[in-house]
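What follows is the residue order along each chain.
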Amino acid sequence: MNEKELIDSAVAAMKSSYSPYSGFSVGAALLTCSGRIYTGCNIENSSYSITMCAERTALFKALSEGERDFEAIAIVGGRDGRITDGCPPCGACLQAMSEFCGGDFTILLFDGDNVNKHTLGSLLPESFKIKKQ
Ligand SMILES: [Zn+2]
């Protein structure tokens, strides 16, 4: 995996963020096991509850294109279009990832200076699961 390429893709995706209410932009780049990268940004709405996170935007874009196997995701975020914070995924995004990704799935958080590397298993040790029929 080329971590720099994945982070650069997340930074580029952050520029498309639609976040007029919070002023907090997020970009994500999801790497499939076949080497493709799908990006996403956060998309807010005046009806706040339907706002979508960057991570799920990227995941759902990939899933809708038939992808099912994922290796890693890079996430960046911050105020006023600048990377000002480490930006770990919210619980809903971790749960969404857990449907398709194992505990060793890599989550890269770039805070503008450093890359902090996590796994899905470390950030979400237990997830909600229903047995598939
Ligand atoms: Zn989220």
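Structure: above.
So, a few notes on the structure that sits alongside this text. Note that the structure is predicted; figures quoted are calculated from it, not measured.

What counts, and where the lines are drawn
Residue numbers run consecutively from 1 along every chain, following the written order of its sequence. Local features are withheld for residues below a pLDDT of 70 in this predicted model, meaning they are given only at 70 or higher, and side-chain atom pairs are given and counted only at 80 or more; totals for whole chains, interfaces and linings count all residues. Only hydrogens and water are removed before side-chain values are computed, so all heavy atoms of the structure are retained for them. Exposure above 30% relative accessible area and the absence of a salt bridge qualify a residue for a patch, where like charges join within 9 Å and nonpolar side chains (Val, Leu, Ile, Met, Phe, Trp, Tyr) within 5 Å. Areas reported as accessible are Shrake-Rupley estimates using a 1.4 Å probe. Residue values count occlusion only from the protein chains shown. Each salt bridge in this description consists of a side-chain nitrogen of Lys or Arg and a carboxyl oxygen of Asp or Glu lying within 4 Å of one another. Counting from the N terminus, the helices are DSSP H or I runs at least four residues long and the strands are E runs at least two residues long. The buried label applies to any residue whose accessible area, calculated with a 1.4 Å probe on protein chains only, is under 20% of its type's maximum; exposed applies above 50%, and partly exposed to all values in between. The rule for donors is simple: N, O or S, within 2.8 Å of the metal, or within 3.2 Å if the metal is Na, K or Ca. Water isn't counted, so a site may look like it is missing partners. Strand pairing requires that DSSP identify at least two bridges connecting the strands. For our purposes a nonpolar core is just a set of buried Ala, Val, Leu, Ile, Met, Phe, Trp, Tyr and Cys residues, chained together by side-chain atoms within 4.5 Å. N or O atoms within 3.5 Å of each other form a polar contact, as long as, within protein, one can give a hydrogen and the other can take it, and as long as residues adjacent in sequence are counted only when both atoms are side-chain atoms. Cysteine sulfur atoms that come within 2.5 Å of each other are treated as a disulfide pair.

Judged by side-chain polarity, Tyr18, Tyr21, Ile43 and Tyr48 come together as a nonpolar surface patch covering roughly 440 Å² of accessible area. Here tyrosine 48 shows up in the loop between β2 (37-41) and α2 (54-64). The exposed category is assigned to tyrosine 48, whose relative accessible area is 56%.

As a benchmark, a tetrahedral metal site with four donors has ideal angles of 109.5 degrees, while an octahedral site with six donors has ideal angles of 90 or 180 degrees. The coordination sphere of the zinc ion contains the protein donors Cys53 (SG), Cys90 (SG) and Cys93 (SG), at a distance range of 2.3 to 2.4 Å. Here the donor residues of the zinc ion are spaced in sequence according to C-x36-C-x2-C. Taken as a pair, cysteine 53 in the loop between β2 and α2 and cysteine 93 in helix α3 (residues 91-98) lie far apart in primary sequence, 40 residues in all. For the pair formed by cysteine 53 and cysteine 93, the shared burial category is buried.

Let's shift gears to the pairing of strand β1 (residues 24-32). Burial of β1 is extensive: 9 of the 9 residues sit out of reach of the surface. Residues Phe24, Val26, Ala28, Leu30 and Thr32 point to one face of β1 and Ser25, Gly27, Ala29 and Leu31 to the other, with burial holding for every one of them. Here β1 pairs with strand β3 (residues 70-79) via 9 bridges, running antiparallel. In the sheet register, leucine 30 faces β3, and the bridge partner there is isoleucine 73. Bridge count for β1 against β2 is 5 bridges, and the pairing is antiparallel.

Attention now moves to the nonpolar core. Leu30, Phe70, Ile73, Ile75, Met97, Phe105 and Ile107 are the most contacted members of the largest nonpolar core, which totals 24 residues. Within the residue set of this core, elements represented by two or more residues are β1, α2, β3, α3 and β4 (106-110). In terms of residue count, α2 provides more of this core than any other element does, 5 residues in total.

Within the secondary structure layout, lysine 117 lies in strand β5 (residues 115-119). Sequence-wise, lysine 117 and isoleucine 107 are 10 residues apart; in three dimensions their C-alpha atoms are separated by 5.9 Å. Among the polar contacts made by the side chain of lysine 117, one reaches the side chain of glutamate 3 at a distance of 2.8 Å.

The backbone phi angle of aspartate 80 is positive, close to 55°, even though this residue is not glycine. Structurally, aspartate 80 can be placed in the loop between β3 and α3. Take aspartate 80: its relative accessible area is 64%, and that puts it in the exposed class.

Moving on to the state of the cysteines. What the rule picks out here adds up to 0 disulfides. In this structure cysteine 87 is not part of a disulfide, and its nearest cysteine sulfur, from cysteine 53, lies 8.7 Å away. Cysteine cysteine 101 is unpaired, with the sulfur of cysteine 33 as its nearest cysteine sulfur at 8.4 Å. A relative accessible area of 8% places cysteine 101 in the buried class.

Coordinates in, geometry out; function isn't part of it.
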